[in-house]
Amino acid sequence: MTSNFQTKLSDFSEVEEEPPKLKSTDSPKPITKRTKPKRILWKKTIGKNGEWGVINFDDTVLFVQLIDGRMHVHGMAAVCKWCGGILEIREETKVFCAGRCGRYQGEFSRDLNDFLRWEGVKSYTLRKIVAEEEALELEARDLEPISYAPNWSILYEYEDDQDTEDATKE
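Residues numbered from 1 in each chain as written. Predicted model: local features only at pLDDT ≥ 70, side-chain atom pairs only at ≥ 80, totals over all residues. Heavy atoms only, no water.

(A) The overall build of the protein, seen in detail. Per the secondary structure count, the protein includes 4 helices and 7 strands. Across the protein, helices and strands are ordered from the amino to the carboxyl terminus as β-β-β-β-β-β-β-α-α-α-α. By residue count, 24% of the 170 residues in the protein fall in the buried class. When the accessible surface of the protein is summed, it comes to about 14,700 Å², and 52% of that surface belongs to carbon and sulfur atoms. (Helix = DSSP H or I, 4+ residues; strand = E, 2+ residues; numbered from the N terminus. Buried < 20%, exposed > 50% of the residue type's maximum accessible area, 1.4 Å probe, protein only. Areas by Shrake-Rupley, 256 points an atom, 1.4 Å probe, with all protein chains shown as cover.)

This is the structure in structure tokens:
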């Protein structure tokens with residue numbers, strides 16, 4: 001049988017130690033103010049070099065760079081998600097695996113504006129930022145002002161119900 005020993009409060013001393021004093025030769029360290037890094041919502045993806053396009057894999061829309069006929073996403077070669085084979089563009093708009101499975105992967109477009117058309121970005125605010133950063137054309141629906149005020153929270157409905165319940169109790 002093992003016995004547990006409980007620490008007693010009397011085991012601790014209540015004497016506070018004074019912080020060490022600086023010598024006359026020591027100088028206090030200068031206070032450095034840390035600056036917060038600037039946060040950006042979208043980092044430019046499309047470079048000036050190379051040929052670029054857009055792929056749509058099961059509603060995942062990405063910019064791709066074509067290097068020697070192969071697609072590269074974020075600096076890495078795009079490969080089949082089933083067998084790991086290389087991907088190839090057929091009929092100018094379809095992406096297939098060139099490996100052993102040969103499966104259809106998704107759509108391809110050389111028109112970079114398809115990134116917004118295929119909803120690579122769904123947020124209205126982010127769509128505007130991406131379009132500006134990547135020099136894309138916004139769709140007509142993005143240029144129209146929002147004519148309604150969005151319902152930000154369903155909790156407002158419960159707030160109204162509580163007010164009516166309180167009024168009936170009085």
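(B) Quick peek at the environment of valine 79. Residue position: valine 79 is located in the loop between strand S4 (76-77) and strand S5 (87-90). Residue classification places valine 79 among the partly exposed residues on the basis of a relative accessible area of 43%. With 26 residues separating them in the primary sequence, valine 79 and glutamine 105 have C-alpha atoms 9.8 Å apart.

(C) Looking closely at the sheet that holds S5. A sheet is described by the order of its strands in space; here 7 strands give the open sequence S4-S3-S2-S1-S7-S6-S5, paired in antiparallel fashion. Taken across any chain shown, the strands that pair with only one partner, and hence form the sheet edges, are S4 and S5. As paired elements, strand S1 (residues 51-57) and strand S2 (residues 60-67) share 7 bridges and run antiparallel to each other. Looking at the pairing, asparagine 56 lines up with valine 61 of S2. (Pairing = 2+ DSSP bridges.)

(D) Quick look at the packing of aromatic side chains. For the structure on display, the rule yields 3 aromatic pairs. On the basis of an interplanar angle of 55° and a centroid distance of 6.0 Å, the ring pair of tryptophan 42 and phenylalanine 115 is categorised as tilted. Remark: phenylalanine 115 occurs in helix H1 (residues 114-117) and tryptophan 42 occurs in the segment before S1; sequence separation between them is 73 residues. Neither residue differs from the other here; tryptophan 42 and phenylalanine 115 are each classed as buried. Between the aromatic rings of phenylalanine 96 and tyrosine 104, the centroid separation amounts to 5.3 Å while the plane-to-plane angle is 70°, which identifies the pairing as edge-to-face. Over the ring of tryptophan 82 we find arginine 103; its NZ or CZ atom is 4.4 Å from the centre of that ring. (Phe/Tyr/Trp six-rings, centres within 6.5 Å; stacked < 30°, edge-to-face > 60°. Lys NZ or Arg CZ within 6 Å of the ring centre and 35° of its normal.)

(E) Quick look at unusual backbone geometry. The phi angle at aspartate 59 is positive, at roughly 65°, despite the residue not being glycine. Among the secondary structure elements, aspartate 59 is positioned in the loop between S1 and S2. Its relative accessible area of 64% is what places aspartate 59 among the exposed residues. Although it is not a glycine, histidine 74 adopts a positive phi angle of roughly 50°. With respect to the element layout, histidine 74 can be found in the loop between strand S3 (70-73) and S4.

(F) Representation of the environment of lysine 81 within the structure. Along the polypeptide, lysine 81 turns up in the loop between S4 and S5. When near neighbours in sequence (up to four residues on either side) are disregarded, lysine 81 contacts Asp58 and Gln105. Reaching out from lysine 81, the side chain makes a polar contact with the side chain of aspartate 58 at a distance of 3.0 Å. (Contact = heavy atoms within 4.5 Å. Polar contact = N/O pair within 3.5 Å; in protein donor to acceptor, adjacent residues only side chain to side chain.)

This is a description of form; function is not addressed.
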